[in-house]
Amino acid sequence: AVVSTQSTGGIIFFAAQLFGSTVYLLGLLDTIVDSFGQDGGTFTKSLPETGYWPTLYGSALLFVMLIVVLVGAEMFAKTNLVIFVVVLVALGFDFVNFFIQTEKEILPPSSNTLVNQSQYLQYTGWSMVTLLENRGNNYTTDYTTMAPTSFNRVFAVLFTGFTGVFAGANMSGDLKNASRAIPLGTITACCFSYGVYVVLTMIIAATCSRGLLQNDYLFLEHINMIKGVTTAGTICVTFSASLSTFIGASRILEALALDDILGRMLYFVKAGRSRRGNPWVAVLVSWFFIQGLLFAGSLNAISQFVACFSLLTYAVVNMACLALDLAGAPNFRPTFSYFNKYTSLIGFVSSIVMAFIVNPVYASISFGISVMLFVFIMFRTPGSSWGYISQALIFHQVRKYLLMLDARKDHVKFWRPSILFLCKNPRSSIPAICFLNDMKKGGLYVIGTNLSGDISSPGFANRLEEHNLSWLSLIDTLGVKAFVETTISRDLRNGIQNLIMTAGLGGMTPNTVVMGFYDEMESKDFLSEPDQIPSKRKLIQRIRPQHGTTNRAFLDKLIPLSESHRPDARISVDNYIGLVRDVIALRKNLCILRNFHELKRPNFGSGNQIQYIDVWPLPHNFNSTHIEDDTTSMFLLQLSCILHMVGDWGSTRLRVLATTPSTELGMAEKVQLEEILRILRIDADVSTVPLPTQLSAHTMSEGERYSTFNQLMRKHSTNTIVTFLYLPRPPLDEADNGRYLENLSCLSEGLPPCLLVSGLSKVTTSEL
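Here goes a summary of the coordinates provided.

Here is what the cut-offs are and how they apply
Residues numbered from 1 in each chain as written. Predicted model: local features only at pLDDT ≥ 70, side-chain atom pairs only at ≥ 80, totals over all residues. Heavy atoms only, no water. Helix = DSSP H or I, 4+ residues; strand = E, 2+ residues; numbered from the N terminus. Buried < 20%, exposed > 50% of the residue type's maximum accessible area, 1.4 Å probe, protein only. Areas by Shrake-Rupley, 256 points an atom, 1.4 Å probe, with all protein chains shown as cover. Phe/Tyr/Trp six-rings, centres within 6.5 Å; stacked < 30°, edge-to-face > 60°. Lys NZ or Arg CZ within 6 Å of the ring centre and 35° of its normal. Salt bridge = Lys/Arg side-chain N within 4 Å of Asp/Glu carboxyl O. Pairing = 2+ DSSP bridges. Axes fitted to C-alpha atoms, helices over the stretch in contact; angles between N-to-C directions. Contact = heavy atoms within 4.5 Å. Expected span 1.5 Å × (residues − 1). Parallel < 35°, antiparallel > 145°, perpendicular 65-115°, else oblique. Left-handed = near helix turned anticlockwise from the far one by under 90°. Nonpolar A, V, L, I, M, F, W, Y, C, P; charged D, E, K, R; others polar. Core = buried A, V, L, I, M, F, W, Y, C linked by side-chain atoms within 4.5 Å.

### What to know about the overall build of the chain
What the chain contains, in helices and strands, is 27 helices and 14 strands. A buried classification covers 47% of the 768 residues belonging to the chain. As displayed, the chain offers around 37900 Å² of accessible surface, 60% of which is attributable to carbon and sulfur atoms.

### Topic: the packing of aromatic side chains
Overall, the coordinates contain 11 aromatic pairs when judged by the stated rule. Across from the ring centre of Y612, 3.9 Å away, lies the NZ or CZ of R655, which sits over that ring.

### Concerning the pattern of salt bridges
Per the stated rule, a full pass over the model turns up 11 salt bridges. Across the pair D582 and R493 runs a salt bridge, and its minimum N-O distance is 3.0 Å. Taken together, the residues D582 in helix α22 (residues 573-585) and R493 in helix α19 (residues 492-502) connect sequence positions 89 residues apart. Among the salt bridges present, the one from R653 reaches D683, with a minimum N-O distance of 3.5 Å. Highlighted residues: R653 in strand β11 (residues 653-660) and D683 in the loop between α24 (663-679) and β12 (685-690), separated in sequence by 30 residues. The class of R653 is partly exposed, set by a relative accessible area of 24%. A network of salt bridges, in which partner residues are shared, links D438, R601 and D648.

### Quick look at the sheet that holds strand β5 (residues 419-422)
The mixed open sheet is built from 10 strands, whose spatial order is β7-β6-β5-β8-β9-β14-β13-β10-β11-β12. The open sheet has two edge strands, β7 (483-488) and β12, and neither has a second partner. The average angle at which neighbouring strand axes cross in this sheet is 25°, direction not considered. With five bridges connecting them, strand β9 (residues 589-594) and strand β14 (residues 754-758) associate as antiparallel partners. For R594, the partnering residue across the bridge sits in β14 and is C754. Sitting on the sheet, helix α23 (residues 631-644) is in contact with β8 (512-516), β9, β10 (612-615), β11, β13 (720-726) and β14, with an inclination near 160° to β13. Across the sheet, helix α27 (residues 737-748) touches β9, β13 and β14, and the angle it forms with β9 is around 60°.

### What about helix α12 (residues 280-293)?
Within an α-helix, residues lying three or four positions from one another point in the same direction, as the helix has 3.6 residues per turn. The end-to-end C-alpha separation of α12 is 20 Å, in line with the 20 Å expected for 14 residues at 1.5 Å each. Listed in full, the buried residues belonging to α12 are V281, A282, V283, V285, S286, I290 and Q291.

### Here we look at the pairing of β5
Alternating residues of β5 divide into I419 and F421 and L420 and L422, and every residue in both groups is buried. Here β5 pairs with strand β6 (residues 445-451) via four bridges, running parallel. Within β6, the position partnered with I419 by the bridge is Y445. Inspection of the sheet shows β5 paired to β8 by four bridges, in the parallel sense. Following the sheet pairing, I419 is matched in β8 by T512.

### A closer look at the packing of helix α2 (residues 53-71) against α12
Packing of α2 against α12 leaves a shortest axis separation of 10 Å and a crossing angle of 165°. Put simply, α2 runs roughly antiparallel to α12. In the crossing of α2 with α12, the sense of the turn from one axis to the other is right-handed. For the pair α2 and α12, contact is made by S59, L62, L66, V69 and L70 and by W280, V283, L284, W287, I290 and Q291, respectively.

### Re helix α18 (residues 460-478)
With 19 residues, α18 should cover 27 Å at 1.5 Å per step; its first-to-last C-alpha distance of 27 Å lies within 8% of that length. At the exit of α18 stands G479, carrying a positive phi of roughly 75°.

### Here's the deal with the environment of N278
Positionally, N278 belongs in the loop between α11 (267-271) and α12. According to the relative accessible area criterion, N278 is buried, its value standing at 6%. When the C-alpha positions of N278 and R251 are compared, they lie 9.0 Å apart, and in sequence the two are 27 residues distant.

### Some words on the packing of helix α26 (residues 702-715) against α27
The contact between α26 and α27 brings their axes to 7 Å, and the two run at 20°. Judged on the interaxial angle alone, α27 and α26 are roughly parallel. Note on packing geometry: the crossing formed by α26 with α27 is right-handed. Residues E702, G703, Y706, S707, F709, N710 and M713 of α26 form the contact with α27, whose own contacting residues are R739, N743, C746, L747 and S748. Its residues placed into classes, the contact of α26 with α27 shows five nonpolar, five polar and two charged.

### Comments concerning the nonpolar core
Counting residues in hydrophobic clusters, the biggest one holds 55 residues, and the most contacted among them are F421, F435, L436, F724 and L755. Of all the elements, α23 adds the most residues to this core, at eight residues. If you look at the next biggest cluster of nonpolar residues, it comprises 47 residues, including F13, F76, F239 and V285.

### Side note on unusual backbone geometry
Not every positive phi belongs to a glycine, and K441 is a case in point at roughly 50°. Take K441: it is sitting in the loop between α17 (430-439) and β6. Of note in this structure, R681 is not a glycine but carries a positive phi near 60°.

Shown next as structure tokens:
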């Protein structure tokens, strides 16, 4: 999550501005028609008001606004200044008129067909009786739409009078000091509008009868002693409001285009700017939408849409401020001294509640559109240059919960593998990277690398940055849920030691170290042969998008990952076996991978044959042992069971093979092993494999014994995808390192992809 919240709010705000401009323009049309219409004009009866004539008048007025907006912000500011003076004068005359006008009878407008045209409506002047009669609500029918009125409709119409307070925010790019002008202007506009509305409402309630208020929406003009003043003020204020929301919509659309919110969909808007910076294409697009909305024809018909979209915009703004405050972002320093998270929360909740009170259907439609926009933007919009609020929130929550994660409270019941994969060459390790992503089962997955060199050498910082960016690109493309950690050391073993000790954070640290096998086999570049990775279609499509051709642009990003050809990247046998000892000494579980360049996903090219995950849980001293008392044996069973629970691996069969000196003893051991698996709730087939007599007789050398056992395993590895083996303990004497590595090679030679496993900690128990 994401840019998506702010972007969705921007699009909804754009829609609210379009609807708002249309509502104000329709209010202007109502004033003009009622004042100069042929059927009931207050001043003259010269303008036709039937058919499409009102829409034609609206289009002409909208065209005038278009010219003003196309000229630029300076023309708009000068026009608004003149309008502001006219409105203040008209408002002053209206207030004075209430104090000097006496009782008056007024005929209802000709457009009102709900009342008798010969029945007079009463202006009573100042009267306590009138004030008391107007206390309660008595909603009737709106004579312009013939729809019943209600609190929701009245609120929606009245609310549009406050949406103009965002006019300054819409033009933030054209203001000299936006950070000061916007809050000052917005708060001043809110306070001034609120004061005028409250005072005017009380005066009207004390001087105008309920019949006059319900049946003549232009009563202020009809009771004014100086004709035309109220009409002039109404025309000016509606024209100004429509103009300001029109220019606001164009500026919002321009901002959406510049931030690439909808990708290339708004590229033409970004390209259309005049020399003075006026976004003329955004202006034309906004004009086109408003022209289309004019066909709605009635102010009250769309005022509820305006209210819902505006309220939803305010809700998103409050939610964004609340999120920033909760995230504790240091750069979020609002200058409004009364701001806090509670004011944002109240603003957010009240906006949502009022939107559904105004019209539940329209609010639901607006909310549904917002959700769809949020999802679309989250998955389709490229990165933003103005940050992701979701990242700040995630950081805040992760830090808080990491502090609560106490390693001293770990329990075997909740154990899961947290893997540190020591990866030298990711180009040849892609099958292993994807396999370990499956085996982690919701645990931590860290891919560790060591970058050889001197951090103070020229150009090393660029090399490190390029290295990290290449890794992130590969991780994103593979779709694995892993972190990447890099150490810098001239000595590879020392760098890996540091990596093992420092990987992770707080209580979330790796408990299992995975490393590749030491051999002389030439590395296979899977980025050059992506067809060998059947499960990663996305990677194949990125490398070979069309007709099998290679996407060099994508491969070039990953070139820095292939550093295994460097002379200092090769580790010696003694250091390799030393790393095995280091992992065990640091009390980490250990897995050594071999033959994973041959790994095939389950059911890939297998036809209807059953595929197996094989587990050889007994140590290779060829002596029987109690599996439940051996941590490595239990670790083998746990890892294989976890793998069998994940995705496509569930289509395989888990097979546990236990060696036994004789067939007679094998039956007893099989029963014992099945009982252990039942207690551990591991669904697996159990097979016993009799050892050759020469192994039981102990007449062979150690190397020959491992080679013979290897032949035995290969014989029973038909249709096996992955094999889990017991890793022999490394020798204490470094002089035996070469012989130990030869034994491991003999043990795993020619097998399917296998894991040599050593368990140091308790991972499951029969007491659960």
